[in-house]
Amino acid sequence: MRAPRLVVCCDAFRKADQEGGPPFSTFSLCQALADAGADVRVITTDRNGSQRLDVPTDEWTQSDGLRVWYARSLPGPYYPAPSAPRAVRSAPRADCFLASGTLWTHLGLLGWRAGRRLGVPAIVVPRGLLDPWALAYKPTRKRLYWWIAARRIVREAAVVVALTEHERRTLHAFGLARRIE
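Reference entry: report on the structure contained in this document. (Residues numbered from 1 in each chain as written. Predicted model: local features only at pLDDT ≥ 70, side-chain atom pairs only at ≥ 80, totals over all residues. Heavy atoms only, no water.)

**Quick look at the overall build of the protein chain**
In terms of helices and strands, the protein chain carries 6 helices and 9 strands. Against the compact-globule benchmark of 16 Å for 181 residues, the protein chain has a radius of gyration of 15 Å, which places it among compact chains. Taking the intrachain contacts of the protein chain between residues at least 6 apart in sequence as the baseline, contacts between residues at least 24 apart amount to 67%. Accessible surface computed for the protein chain: about 9100 Å², of which carbon and sulfur atoms make up 55%. (Helix = DSSP H or I, 4+ residues; strand = E, 2+ residues; numbered from the N terminus. Rg over C-alpha atoms; globule rule 2.2 N^0.38 Å. Contact = heavy atoms within 4.5 Å. Areas by Shrake-Rupley, 256 points an atom, 1.4 Å probe, with all protein chains shown as cover.)

Spelled out as structure tokens, the structure:
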């Protein structure tokens, strides 16, 4: 039996030290999955706060034992990463897409669309992005994007992972997720 293939989409990854905890916790998750035998590919950006990471961009590279595609990101509210679709196409066919903290960004939309196109499940890890404080930040843009895409991303996810009991209750109140873990 072959190892499961996972594509993880996240806006910032391991080397990003100006993006808070998600780059490190997502790295730890990917490393644990790889240690358990999964073939993990990470698609992320070169963002590091207001800086850019000094990493090879727009190609597959090895980083701390994982295959990572650092897409050069463009300025803009959704952190567009033009080379990221090429990363999805060049990765081995995924068994699952995992979107970590990408609900309001280009990589979240990319992972969801790729999963739909390939007929493979998506796992969404909102990381508090549906909490009232997060929705209050740039609310007009988020309301519009919610109706265009984010609502469907959450509703169609095979599983939505809540990191805390508070987040589980928040997700439950939305009434969209088929399964919350």
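Right, picking up where we left off after that structure.
**Regarding the environment of G76**
Looking at the secondary structure, you find G76 in the loop between strand 6 (66-71) and helix 2 (84-90). A relative accessible area of 36% means that G76 is categorised as partly exposed. (Buried < 20%, exposed > 50% of the residue type's maximum accessible area, 1.4 Å probe, protein only.)

**What to know about the pattern of salt bridges**
Applying the stated rule across the entire model yields 11 salt bridges. For R169, the salt bridge is made with E165, and the minimal N-O distance between the two is 3.7 Å. With R169 and E165 both in helix 6 (residues 165-174) and 4 residues apart, this pair spans about one turn of that helix. Taking the relative accessible area as the measure of exposure, R169 reaches 46% and is therefore partly exposed. On the basis of relative accessibility, which here comes to 42%, the residue E165 falls in the partly exposed class. Several salt bridges converge on common partners, so that one network encompasses D46, R52 and R72. (Salt bridge = Lys/Arg side-chain N within 4 Å of Asp/Glu carboxyl O.)

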